[in-house]
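What follows is the residue order along each chain.
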Amino acid sequence: MEDVFDSIKRNAVWILLIIFAVMLINIGTTEIRTFILIVITECIAMALSGVAQFVYTRIDFTKESANNNLGYIFLGVHICVGLIILGVYIVQFSN
């Protein structure tokens, strides 16, 4: 529990700036739904990265250990999810 309070103390400036920015802009339901969609898709991307990491560390695809491979998996999953979201928004708003 102390870790949570220490984290809040360290990041208090950012938290206050975010609260202040949210109060300044007039957030409607569309923005909230978009934010929730982004959070959900990011959680899916994190889960997919975790599955890929689990599979990759259990099956050795390379004979030599490369330290960058897990980072490339994480980056690749997030790029693919970002492109999917971009495609959905382009189709949604072009009609």
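For the structure itself, look to the data block above.
None of these values were measured; they are calculated from a predicted model.

K.L.:
Mind showing me how you'd approach a nonpolar patch on the surface here?
P.N.:
A cluster of nonpolar side chains, contributed by Met1, Val4, Phe5, Ile8, Ile15, Leu16, Ile19 and Met23, occupies part of the molecular surface with about 860 Å² of accessible area. By residue number, the principal contributor to the nonpolar patch is helix α2 (residues 12-24), which donates 4 residues. Positionally, leucine 16 belongs in helix α2. A residue is classified by how much of its surface remains accessible, and leucine 16, at 57% relative accessible area, is exposed.

K.L.:
In this structure, what is going on with the environment of glycine 71? I would like to understand it.
P.N.:
Among the secondary structure elements, glycine 71 is positioned in helix α4 (residues 69-94). Overall, the relative accessible area of 42% leaves glycine 71 in the partly exposed class.

Rules of the game
- Residues numbered from 1 in each chain as written.
- Predicted model: local features only at pLDDT ≥ 70, side-chain atom pairs only at ≥ 80, totals over all residues.
- Heavy atoms only, no water.
- Patch = residues over 30% accessible without salt bridge, like charges linked within 9 Å, V, L, I, M, F, W, Y side chains within 5 Å.
- Areas by Shrake-Rupley, 256 points an atom, 1.4 Å probe, with all protein chains shown as cover.
- Salt bridge = Lys/Arg side-chain N within 4 Å of Asp/Glu carboxyl O.
- Helix = DSSP H or I, 4+ residues; strand = E, 2+ residues; numbered from the N terminus.
- Buried < 20%, exposed > 50% of the residue type's maximum accessible area, 1.4 Å probe, protein only.

Geometry only, nothing functional implied.
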